[in-house]
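Architecture at a glance
So the chains spell out like this:
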Amino acid sequence: RAKKTPTANYEYFAPEIEEQTTWRLHMIRRLRTEFMARNLELWFQPQVDLSSEAVIGMEGLLRWPDGSGGYISPAEFVPLAEYSGLIVDIGYWVLEESCRRLNELAKMGYPNLRVAVNVSIPQFRDPNFVQSIKQLITHSGIKPGLLELEITESIVMDEPHIVIDALTDLKKFGVTIAIDDFGTGFSSMSYLQKLPLDRLKVDRSFVAEIKPGETAFIAETIVTLGNKLGLITIAEGIEKREQASFMIKLGCDEAQGYLFGRPMPFSSLVEYLAKRKKG
Ligand code: C2E
Ligand code: MG
Ligand code: MG
Ligand code: MG
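Please read these numbers as outputs of a predicted model, since none were measured by experiment. (Residues numbered from 1 in each chain as written. Chains lettered and ligands numbered in written order. Predicted model: local features only at pLDDT ≥ 70, side-chain atom pairs only at ≥ 80, totals over all residues. Heavy atoms only, no water.)

1. Thoughts on the site of ligand 1
Near ligand 1 you find 21 residues, and of these Arg 63, Asn 118, Ser 120, Asp 180 and Glu 239 are the closest. The contact in question runs from a nitrogen atom of ligand 1 to an N or O atom on the side chain of Ser 120, over 2.8 Å. In the model, a nitrogen atom of ligand 1 is placed 2.5 Å from a nitrogen or oxygen of the Glu 239 side chain. When ligand 1 sits alone it has 800 Å² of accessible area, and the protein chains cover 85% of it. For the shell around ligand 1, the secondary structure elements donating two or more residues are strand E2 (55-65), helix H2 (74-84) and strand E6 (176-182). (Near = heavy atom within 4 Å. Polar contact = N/O pair within 3.5 Å; in protein donor to acceptor, adjacent residues only side chain to side chain. Areas by Shrake-Rupley, 256 points an atom, 1.4 Å probe, with all protein chains shown as cover. Helix = DSSP H or I, 4+ residues; strand = E, 2+ residues; numbered from the N terminus.)

Have a look at this one:
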């Protein structure tokens, strides 16, 4: 009886798994075609200083137009790009595009805004990763301090040595490093100290817990940890005024969220910046 059950399960689940696999392969093929045709877009979400609300930079976020006015979410296609290895080329394009936009912003009179870029584990496994970022920065002529790499806790736990070495090297070159979605993964405190971090991003799930009259002690603990580690803290997913005030009280430095601006195409970002400048 114990032997029969797995067989029955296998037969029961097999068609569904096959369907999923076929769908994933189909999506990966579509993604490759769209990327090669230069149809992916890099959008930008503003990041602000919490007390002055001055824009200090933005996060670059991938968008895949679905052809009928909508967009396929990066939460859906980035895992496929990682699984297929496509993220190495896509990620390099994201970095190139970010440097290009940084140069355009400097020409428009915003020479100090920075761009944060998300990086995935297959990019770290690429032996040319560090060198190609350095070359990109040198060739584009941007200030290295204006480019920030965002990594997650899981990336560090997957390949601690590769990641620590690569980031240490890039940090020496001037690039800044943020730890993203902090508090949602399991990170070892000893790795946290070995990473050359500049910023800690408080995951938006902890910001969402902030409601009038409640304590939101995880957000508080994370901000305290960030401050004790000497890092700049930035709150993700600020949607409401009271969340911003609460985070200020906790000693959080910066914020990103719909309250200040949604992710938007570069042309809209330029309009957004011009409007904020006028006040
Ligand atoms: P992330 O790096 O944590 O990016 C923040 C996500 O939170 C973005 O989702 C953003 O639109 C969303 N967000 C920002 N403010 C708010 C808010 O106030 N409320 C709510 N509900 N959401 C907010 P998005 O653009 O869908 O990206 C999802 C994830 O996809 C990113 O999470 C990141 O992990 C990944 N991703 C996006 N672009 C890239 C990329 O170029 N490379 C890699 N490797 N991953 C990327
Ligand atoms: Mg991010
Ligand atoms: Mg995040
Ligand atoms: Mg996230």
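Don't stop here, the text continues.
2. Some points on the nonpolar core
Ranked by internal contacts, the top residues of the largest apolar core, which has 83 residues, are Ile 90, Phe 124, Ile 151, Leu 195 and Met 247. No other element matches helix H3 (residues 87-107), which puts 8 residues into this core. The contacts of Phe 124, once residues within four sequence positions are left out, are Val 119, Phe 129, Ile 151, Ile 155, Ile 162, Val 163, Ala 166 and Leu 167. (Core = buried A, V, L, I, M, F, W, Y, C linked by side-chain atoms within 4.5 Å. Buried < 20%, exposed > 50% of the residue type's maximum accessible area, 1.4 Å probe, protein only. Contact = heavy atoms within 4.5 Å.)

3. Describing the packing of aromatic side chains
All chains considered together, the criterion is met by 4 aromatic pairs. Ring centres 4.9 Å apart and planes at 65° place the aromatic pair Trp 43 and Tyr 71 in the edge-to-face group. With Trp 43 in strand E1 (residues 41-49) and Tyr 71 in strand E3 (residues 71-72), this pair connects stretches of sequence that are 28 residues apart. Residue classification places Tyr 71 among the partly exposed residues on the basis of a relative accessible area of 38%. Its guanidinium or amino end placed over the ring of Tyr 110, Lys 277 lies 4.7 Å from that ring's centre, counting from NZ or CZ. (Phe/Tyr/Trp six-rings, centres within 6.5 Å; stacked < 30°, edge-to-face > 60°. Lys NZ or Arg CZ within 6 Å of the ring centre and 35° of its normal.)

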